[in-house]
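Structural features, examined
Residues per chain are reported as follows:
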Amino acid sequence: MTFSRPVEDEVDRLVAAWRQERPDLDVTPLEVLSRVSRLSRHLERERRAAFADHGVESWEFDVLTALRRAGDPYELSPGALLRATLVTSGTMTNRIDRLAASGLVTRRPDPEDRRGVLVRLTPAGLHRVDAAFADLLRRERELLGGLEQHEQQALAGLLRTLLVPFDASDSGVQ
């Protein structure tokens, strides 16, 4: 049985150079995290392209998808949107104003809280977010195309293990 040698990538070259120049340091974290960083840049480029193709900015996509995930009638309070997008209240107010001016969301009084409002996707907002999300998923599938389904699942599990402590600290859970 013959095994083919794995393809060398830029990170392999970077790690080899550091091992040569700094043999006193353990550079093994670079083997994983430099690849994650590089992949993140490729993913971000694809995200921007998918959003641009549908006339959506990244911040708009974040708000619109939070509303879309809420389910019919695709409506949340500004506070719920804050928690979903991790931005300040002033930033969220500005974002809602801009989305409303673009006709992608509307505001209405909250029937359960006379002082509150609810933000709802318009039909145009629903169409735009659905199209952008479908395009994004197509592009993400292409990025993962070199992995079999079971490899994608294994990678997702490993990355989850790394991210859970950060997610817990971001949400205030210790």
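Nothing here was measured: the structure is a model prediction, and the numbers come from that model.

Focus on unusual backbone geometry
The residue after Asp72, namely Pro73, is reached through a cis peptide bond having omega 20 degrees. Within the fold, Pro73 resides in the loop between helix H3 (58–69) and strand E1 (75–76). If you check the backbone angles, Tyr74 has positive phi at about 55 degrees while not being a glycine. Relative to the helices and strands, Tyr74 resides in the loop between H3 and E1.

Looking at the nonpolar core
As a rule of thumb, nonpolar side chains are buried together in soluble globular proteins. If you look at the biggest cluster of nonpolar residues, it comprises 23 residues, and the most contacted ones within it are Phe61, Leu64, Leu67, Leu81, Leu99, Val105 and Leu121. Where this core is concerned, the elements lending two or more residues are helix H2 (28–53), H3, helix H4 (78–85), helix H5 (89–101), strand E3 (113–121) and helix H6 (123–143). Residue contributions to this core peak at 6 residues, all from H3. For Phe61, the residues in contact, after removing those within four places along its chain, are Arg47, Phe51, Val56, Val129, Ala132, Phe133 and Leu136.

Focus on the UniProt feature "domain: HTH marR-type" (unreviewed entry) in the protein chain
Within the UniProt annotation, "domain: HTH marR-type" (unreviewed entry) is assigned to residues 29–164. Between the C-alpha atoms that bound residues 29–164 the distance is 18 Å, and the span itself is 70% helix and 12% strand.

Examining the pairing of E3
Pairing of E1 with E3, which is carried by 2 bridges, proceeds in the antiparallel orientation. In the sheet register, Leu76 faces E3, and the bridge partner there is Val119. In this structure, strand E2 (residues 105–110) lies alongside E3, joined through 6 bridges in antiparallel fashion. Bridging across to E3, Arg107 finds its partner in Val119. The turn linking E2 back onto E3 is made up of 2 residues.

Quick word on the sheet that holds E3
With respect to topology, 3 strands assemble into an open sheet ordered E1-E3-E2, the strand pairing being antiparallel. If you trace the sheet from one side to the other, it starts and ends with E1 and E2, each paired once. Relative to E2, H5 is tilted by about 120 degrees, and along the sheet it contacts E2 and E3.

What about H5?
Think of an α-helix as turning once every 3.6 residues; residues three or four places apart then point the same way. When the terminal C-alpha atoms of H5 are compared, their 18 Å separation across 13 residues agrees well with the 18 Å that a helix rising 1.5 Å per residue should span. Taken together, the buried positions of H5 are Met92, Arg95, Ile96 and Leu99. The buried side chains of H5 occupy one side of the element, clustering within an arc of 100 degrees when seen end-on. Gly103 lies just past H5 and shows a positive phi near 80 degrees.

About the cut-offs
- Within every chain, residues take consecutive numbers counted from 1 along the sequence as written.
- With pLDDT at 70 or above as the cut-off, local features in this predicted model cover only qualifying residues; side-chain atom pairs require 80 or more to be listed or tallied, and sums for whole chains, interfaces and linings still use all residues.
- Only hydrogens and water are set aside when side-chain values are computed; all heavy atoms of the structure are taken into account.
- Numbering of helices and strands starts at the N terminus; helices are DSSP runs of H or I of at least 4 residues and strands are runs of E of at least 2.
- Residue types Ala, Val, Leu, Ile, Met, Phe, Trp, Tyr and Cys, when buried and joined through side-chain atoms within 4.5 Å, form a set referred to as a nonpolar core.
- In this scheme, a residue with accessible area under 20% of its type's maximum is buried, one over 50% is exposed, and one in between is partly exposed, where area comes from a 1.4 Å probe on protein chains only.
- Contacts are assigned to residue pairs that have any heavy atoms within 4.5 Å of one another.
- UniProt positions are given in the numbering used here, feature names are shortened, and annotations may be inferred rather than shown by experiment.
- At least two DSSP bridges between two strands are required for those strands to pair.
- Convention adopted: a line fitted to C-alpha atoms gives each axis, helices being fitted over their contacting stretch, and angles between N-to-C directions are expressed from 0 to 180 degrees.
- The span one expects for a helix is its residue count, reduced by one, times 1.5 Å.
- By construction, the arc corresponds to the directions joining the helix axis to the C-beta atoms.

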